[in-house]
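Structural description and commentary
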Amino acid sequence: MCGLCGILGSEEHWSDTLGEQETATYKQRRRRELETRMRLAEVVLKPNGLKLKRWSSDGFLLATKTGKTLVVPHFAALAAHAEELRGKAIDPLDPDLLARLERS
Amino acid sequence: MTADRHDKKIPVNLITGFLGSGKTTLLQRLLEAPEAAGTAVIINEIGEISLDHILLEQVDGEVAVLKGGCICCTVRTDLGEAIISLNDKKDRGLIPPFDRVVIETTGLADPAPIVATLMLERVLRHRFRLSNVITTIDAVNIHRHLENNIEAVKQLAVADRILVTKTDLPDAETTERIEEVLYGVNPTAEIHDAQARPSAHKLLITDISNPETRMQEAQSWATRDTHHSTHAQNPSGAIKTLSIELDQPIGWNAFALWLTFIVQAHGENILRLKGILNIGGENLPIAIHGVQHTIHPPHHLEEWPSDDRRSKVVMIFRNLEATTLEKSLRTFLALEEPSVISREMQEAALASDKIPA
């Protein structure tokens, strides 16, 4: 279990599937959703000095500018691992972050 | 997958409420109802003598009393172990089978860690699910509790049902005044007068995860005007509510990203969140709800609760600014262009490799 987010490494997160049945195209669809989510996450992470890279089918590598890196086992753990790397949580209410997002 | 697996889990109802507000009386009445047959009960005790336990021994049902006082201090061990122990005994045929668990907390308990335990504890989350939170509050002491006890406020804020007790006493507040106060703390909860003896079906069985009652549950709050409550008097002064309507379909990924980051940064202050979402590419609405850091698996609803197709998000929070919360959500949502292609069309396109993106 991930000590930071309390979620098992490869387990389904609440945001993953919108309750979808596991159809033949499920994995394809999920992969595309992860790509979209990665793209969106990078927009939020970059102003906070973090970079995200794909690592496995579910996992990611999250790194600071100085190279400090954590394996993020699952998208659900992203916010918690970002907090660990930065020493504080990324605040979606931060006016500077919101201003940057508005310009992106 | 999520919905089907979720539906097979044993539902757990949480009955909470401040000291002397009538939790045990309610529990006893509910357990007498035919709908509550096959319910196991877990109660929390404070001190050496468990009066609640003595009362409940008169009721059919397996009772496991948590030791060591307040449930929120020992939530990840005692509560988890009590439920797992019940489940093991059931599987080994040592106790009659049960298909529902009711937990009665102490009056001082913060319900959020209990919700988190049910959602996150590895064994529990695969076999049990939170059905709903029922909070009792007495009509005589409502103001005193809300003004002096943050636990009482939190118990109301996370509630799906609020049962107002002692409304028949001469010094009880008027029903109108009580409703005004309670909607100010929690605009999404159903409020019932205990004197009207709302049914066990209404209180225990109806929940968002039960496919047979999902629509009823969604309609109970989504069709209500939740705006006026933000202007209602809130004696505690500490809790604020925000109701956001979004005119256009939204992108699920952007919403999920926002929610993940907001509960990480401010989960302690976001006591309750409920939403009916119009997701781009989805024909049916998605219901979502969470308590502090814990977000429940989302559910598709079989239809819209009303003719209104807007997304609606209601948040109950403290120590945060409503305008900033709303701006933050809208800014994140603007990052994703929601799909205009239905899931069925995407499925068909993916299957034939015609539209890769």
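Conventions we followed
Residues numbered from 1 in each chain as written. Chains lettered and ligands numbered in written order. Predicted model: local features only at pLDDT ≥ 70, side-chain atom pairs only at ≥ 80, totals over all residues. Heavy atoms only, no water. Helix = DSSP H or I, 4+ residues; strand = E, 2+ residues; numbered from the N terminus. Buried < 20%, exposed > 50% of the residue type's maximum accessible area, 1.4 Å probe, protein only. Areas by Shrake-Rupley, 256 points an atom, 1.4 Å probe, with all protein chains shown as cover. Axes fitted to C-alpha atoms, helices over the stretch in contact; angles between N-to-C directions. Parallel < 35°, antiparallel > 145°, perpendicular 65-115°, else oblique. Left-handed = near helix turned anticlockwise from the far one by under 90°. Contact = heavy atoms within 4.5 Å. Nonpolar A, V, L, I, M, F, W, Y, C, P; charged D, E, K, R; others polar. pLDDT = per-residue confidence, 0-100. Salt bridge = Lys/Arg side-chain N within 4 Å of Asp/Glu carboxyl O. Core = buried A, V, L, I, M, F, W, Y, C linked by side-chain atoms within 4.5 Å. Pairing = 2+ DSSP bridges.

1. Considering the overall build of chain B
Looking only at helices and strands, one finds 14 helices and 13 strands in chain B. Counting across all 357 residues of chain B, residues that qualify as buried make up 62%. If you sum the accessible surface of chain B, you get close to 14300 Å²; carbon and sulfur atoms cover 50% of it.

2. Some words on the packing of helix α3 (residues 95–103) of chain A against helix α13 (residues 322–333) of chain B
Running from N to C, α3(A) and α13(B) cross one another at 30°; their axes reach a closest spacing of 9 Å. The angle between α3(A) and α13(B) falls in the class roughly parallel. Seen from above, α3(A) lies across α13(B) with left-handed handedness. Along the contact surface, α3(A) presents Leu98(A), Leu101(A) and Glu102(A), while α13(B) presents Lys327(B), Ser328(B), Thr331(B) and Phe332(B). Per-class residue counts for the contact of α3(A) with α13(B) are three nonpolar, two polar and two charged.

3. Notes on the confidence of the model for chain B
All names here are of chain B. When pLDDT is averaged along chain B, the result is 81, and 81% of the positions lie at 70 or above. Here residues 1–6 is modelled with pLDDT under 50, and outside its nearest four sequence neighbours on either side it reaches 17 contacts, counting other chains as well. Considering only residues more than four positions removed or in separate chains, one finds that residues 46–61, a stretch of pLDDT under 50, has 26 contacts. Under the prediction, the complex receives an ipTM of 0.84, its pTM being 0.83.

4. Concerning the pattern of salt bridges
Residues and elements named next belong to chain B. Counted according to the given criterion, the structure contains 13 salt bridges over all chains. The partner of Asp91 in a salt bridge is Arg127, and the shortest N-O contact between them spans 3.3 Å. Of this pair, Asp91 sits in helix α4 (residues 75–91) while Arg127 sits in helix α6 (residues 122–127), and the two are 36 residues apart along the sequence. Of the residues examined, Arg127 reaches a relative accessible area of 38% and is grouped as partly exposed. Each member of the salt-bridge network shares a partner with another, and the members are Arg161, Glu190, Lys202 and Glu217.

5. Concerning the side chain of His289(B)
Structurally, His289(B) is set in strand β10 (residues 286–291). Residue contacts for His289(B): discarding those within four places in its chain leaves Ile208(B), Arg272(B), Leu273(B), Lys274(B), Ile295(B) and His296(B).

6. Here we look at the nonpolar core
Membership of the largest hydrophobic core comes to 52 residues, with the highest contact counts inside it found for Leu45(A) and Phe255(B). A per-element tally of this core places helix α12 (residues 252–266) of chain B first, with 10 residues. Other than its neighbours up to four places away in sequence, Leu45(A) contacts Leu50(A), Leu52(A), Leu62(A), Leu78(A), Ala82(A), Ile90(A) and Phe261(B). The next biggest cluster of nonpolar side chains, apart from the first, holds 24 residues, and it includes Leu79(B), Ala112(B), Ile114(B) and Leu130(B).

7. Section: the packing of helix α2 (residues 78–86) of chain A against α12(B)
Direction vectors running N to C along α2(A) and α12(B) enclose 50°, while the axes themselves pass 8 Å from each other. When the axis of α2(A) is compared with that of α12(B), the two are oblique. Remark: the crossing between α2(A) and α12(B) carries right-handed chirality. Of the residues in α12(B), those in contact with Leu78(A), Ala79(A), Ala80(A) and Glu83(A) of α2(A) are Thr260(B), Phe261(B) and Gln264(B).

8. Looking at the sheet that holds strand β3 (residues 69–72) of chain A
Residue and element names in this part refer to chain A. Here we have three strands laid out as an open sheet, ordered β1-β2-β3, and antiparallel in their pairing. Only two strands of the sheet have a single partner each, and these edge strands are β1 (50–54) and β3. Going across the sheet, the axis of each strand differs from the next one's by a mean of 25°, ignoring polarity. Where β1 lies against strand β2 (residues 60–64), five bridges are found, and the strand directions are antiparallel. By the bridge assignment for β2, Lys51 is matched with Ala63. Those strands touched by α2 are β1, β2 and β3, and its axis lies near 165° from that of β3.

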